[in-house]
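Below, each chain spelled out in residue letters.
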Amino acid sequence: MPQFEVGPLTVLLFLSTINMVNFIDRGIVPGAPVEFSEFISRTLHKDCDSQGVWLGLLTSSFIGCYSIASLVFGHLVRSVRPFRLLGAGLSIWLLALVLSGLAQWLADGPATFYFFLFARALSGVGEAAFQCIVPPYVEDFAPPGAKTLWLGVFFTAIPTGTALGFVYGAAVASSVGWGWAYLLEVVMTAPLVALSFWLPPAELLVARRAAAAPRPSAPLLDDDAAAAAALAAAVAPLDDGSSDGEKPAGGAPPPTVWGQLWWLLRDAPFMLVVLGYGAYTFTTQGISAFGPLFLLGLGDFTSELEASTSFGLVVALGGVVGTPLGGWLTDRIANRGGGGGGGAADGGGGGAAANLRSARVLVASITLEIGLATAVLVAAAFAANAQQTALFLILLGVGILLAFGTSAGITRAVMLLVPDPQMRAFAIAIETLLLHLFGDVPSPVVVGALKDAIAPSCSLAPNCSNATDPGSGAAAAVCANPADRDGLFATLLLTTLWMVWTVVLWGACIVVLLCRRAPPERSGT
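In short, a report on the structure.

1. Observations concerning the overall build of the protein
Helix and strand counts for the protein come out as 21 helices and zero strands. Contacts in the protein between residues far apart in sequence, at least 24 positions, make up 83% of those at least 6 positions apart. Carbon and sulfur atoms form 69% of the exposed surface of the protein, whose accessible area is close to 19,100 Å².

2. Considerations on unusual backbone geometry
At Q387, a residue that is not glycine, the phi angle is positive and equals roughly 60°. With respect to the helices and strands, the residue Q387 is situated in the loop between α15 (352-385) and α16 (389-404).

3. Observations concerning the side chain of T495
Structurally, T495 can be placed in helix α20 (residues 482-497). When residues no more than four places from it in sequence are discounted, the contact partners of T495 are F282, T283, G286, I287 and V447.

4. Some points on the packing of helix α5 (residues 82-102) against helix α9 (residues 178-195)
Following both chains from N to C, one finds α5 and α9 inclined at 160°, their axes separated by 8 Å at the closest point. Taken together, the axes of α5 and α9 are roughly antiparallel relative to one another. Seen along the crossing, α5 lies across α9 with a hand that is left-handed. Where α5 approaches α9, its residues G87, L90, S91, W93, L94, L97, V98, S100 and G101 are matched on the opposing element by W178, G179, Y182, L183, E185, V186, T189, A190 and V193. Each residue belonging to the contact of α5 with α9 can be placed in one class, and the counts come to eleven nonpolar, six polar and one charged.

5. As for the pattern of salt bridges
If you walk through the whole model with that rule in mind, you get eight salt bridges. With a shortest N-O distance of 2.3 Å, D108 and R42 are connected by a salt bridge. Here D108 is found in the loop between α5 and α6 (110-141), whereas its partner R42 is found in helix α2 (residues 33-44), with 66 residues between them in sequence. When its relative accessible area of 52% is taken as the criterion, D108 is described as exposed. Across the salt bridge formed by D452 and K451, the nearest N and O atoms sit 3.0 Å from each other. On the accessibility criterion, D452 (11% relative accessible area) is buried. Among the charged side chains, a salt-bridge network with shared partners connects E139, D140, R412 and R424.

6. What about helix α8 (residues 157-175)?
For α8, which comprises 19 residues, the first-to-last C-alpha distance of 26 Å matches the rise-based estimate of 27 Å (1.5 Å per residue) to within 8%. Of all 19 residues that make up α8, 14 are buried, and the element is covered over most of its length. Note on α8: the residue one or two positions beyond its end, G177, has a positive phi of about 110°.

7. Some remarks on a nonpolar patch on the surface
A surface patch of nonpolar side chains, amounting to about 600 Å² of accessible area, comprises L317, V320, V321, L325, W328, L329 and I333. Among the secondary structure elements, V321 is positioned in helix α14 (residues 304-336). Note on V321: relative accessible area 38%, which makes it partly exposed.

8. A short note on the nonpolar core
Counting 149 residues, the largest nonpolar core has L15, F36, Y137, F141 and L264 as the members making the most contacts within it. Setting aside its immediate chain neighbours within four residues, F36 contacts I28, V29, L55, L58, F116, W178 and Y182.

9. Section: the environment of E431
With respect to the helices and strands, E431 occurs in helix α18 (residues 424-440). What makes E431 buried here is its relative accessible area of 2%. For E431 and Y277, which are 154 residues apart along the polypeptide, the C-alpha to C-alpha distance reads 8.7 Å. Those residues in contact with E431 that lie beyond four places of it in its chain are F270, V274, Y277, I410, T411 and V414.

10. Considerations on the packing of α8 against α9
Close contact between α8 and α9 brings their axes to 7 Å; oriented N to C, the two are set at 120°. When the axes of α8 and α9 are compared, the pair comes out oblique. Judged by the twist between their axes, the crossing of α8 over α9 is right-handed. Taking contact as the criterion, the partners of Y168, V172 and A173 in α8 are, on α9, W178, W180, A181, L184, E185 and M188. Along the lines of polarity and charge, the residues of the contact of α8 with α9 split into eight nonpolar, no polar and one charged.

11. Considering the packing of aromatic side chains
Any aromatic ring pair is given by two values, namely how distant the centres are and how the planes are angled relative to each other. Using the criterion set out here, one finds 22 aromatic pairs in the structure. Between F290 and F294, the ring centres sit 6.4 Å apart and the planes meet at 50°, which makes this aromatic pair tilted. With F290 and F294 both in helix α13 (residues 268-297) and four residues apart, the pair spans about one turn of that helix. Taken individually, F290 and F294 each receive the classification buried, so the pair is uniform in this respect. A ring pair is formed by W498 and W501, whose centres lie 6.3 Å apart and whose planes are at 55°; its orientation type is tilted. By way of ring pairs, the aromatic residues F36, F39, W54, F113, Y114, F116, W178 and Y182 are connected into one cluster.

Quick notes on the rules
- Residues numbered from 1 in each chain as written.
- Predicted model: local features only at pLDDT ≥ 70, side-chain atom pairs only at ≥ 80, totals over all residues.
- Heavy atoms only, no water.
- Helix = DSSP H or I, 4+ residues; strand = E, 2+ residues; numbered from the N terminus.
- Contact = heavy atoms within 4.5 Å.
- Areas by Shrake-Rupley, 256 points an atom, 1.4 Å probe, with all protein chains shown as cover.
- Axes fitted to C-alpha atoms, helices over the stretch in contact; angles between N-to-C directions.
- Parallel < 35°, antiparallel > 145°, perpendicular 65-115°, else oblique.
- Left-handed = near helix turned anticlockwise from the far one by under 90°.
- Nonpolar A, V, L, I, M, F, W, Y, C, P; charged D, E, K, R; others polar.
- Salt bridge = Lys/Arg side-chain N within 4 Å of Asp/Glu carboxyl O.
- Buried < 20%, exposed > 50% of the residue type's maximum accessible area, 1.4 Å probe, protein only.
- Expected span 1.5 Å × (residues − 1).
- Patch = residues over 30% accessible without salt bridge, like charges linked within 9 Å, V, L, I, M, F, W, Y side chains within 5 Å.
- Core = buried A, V, L, I, M, F, W, Y, C linked by side-chain atoms within 4.5 Å.
- Phe/Tyr/Trp six-rings, centres within 6.5 Å; stacked < 30°, edge-to-face > 60°.

Next up, the structure:
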């Protein structure tokens, strides 16, 4: 296949754009709760006090296909050209978007709801391909000493896309219908999916960066050549689709699905980092899925569009600033603390001991960040309950900034904990699968069920007595009952406090890493 003459930064921005659109897609349902509550009412004929669970199910339904596809993509990347897998997965995602859009105009009845649910589940295939393949690819071509920053730029698309999805979903759904939100997304995304088949290999991007860099002295030329050669050797099986099928040296797991999975599930630092990430994702996804409803129900806003837009813009601003800033600060801390090694992904300049030092620094820094984020988000919940809207938005922005500042560090730490560079894609697949299973899949359903149990009258369905026309973008006081309003605040507070588990689990991971010794380095010849 032909490949475009582009540099590493262009490729990073291209991949970040696709990632952003993926999360815009994820933000459409929570951004338009009035319209999708009405969809649940007319298809499933559910009462107002039981719609939260179904709304949450729509948000998290992608995990079904994702669970299967992530294992498949994470293993096939060893033997199949990764960009073929990436393009195929994203093409299935486009099909899911078309089916999602068409669901609005199907006949009323349960079959239509389950058709839409299937379409949203199918979208998990595209995310599986993307999240398994792209982070190791970005780490391979990112400059040494700035890898967490580059991953931070890539992960900036998550809060940005989710926030834009709130605004986009609310605006399109209230004007021309939510079905068009998905169909217009297809038109915007199809060219990007086509181009994804022709991305250049990582070692080619490294060579282009080395060729374009200033060369003040001969030793620098030698270093660049050595780094490019080492990286090419490390990632060649990933980029050219070849695989020698041999067991990696140093006691790494064999290249089989079950061998890799068994090694990951038995590795305490990996599991502690991932389970902590799951708790963090549970909180952020729960707040994201019901953020506009929380603000409307607590009386901070009276318009759905106004609540979704304000909430979305604050989340976007906090994520855009916090994610790359967190990556940059983590790189600075790691470099100053002697933990800048990164193994083969850094051009072969580090080994097991350097990776262990880097992992210790990364986990310690993100644990401090997430602890501060938890405290700030709890304060934001109290501000929302007191109807201190401006203070809530400020605290929410700071909390999101701190929380998303850990995203790149988490992924980099996971890749550093894996002994075999070729196993990184599979490790990212299992990481994402577990954070979905323990985070953003149960979160909307559990939070929705909790809301239905202790705040049943807080609903936005247009056939309920406390809501208005869904097309108007306005909503009446959705929690007129004081007891239900207190229940809605309790739901928000408990959802936020779940992130305390992240602090506990990552703190335990620091202890395990401090007690762990790196295996002896193999002597070179």
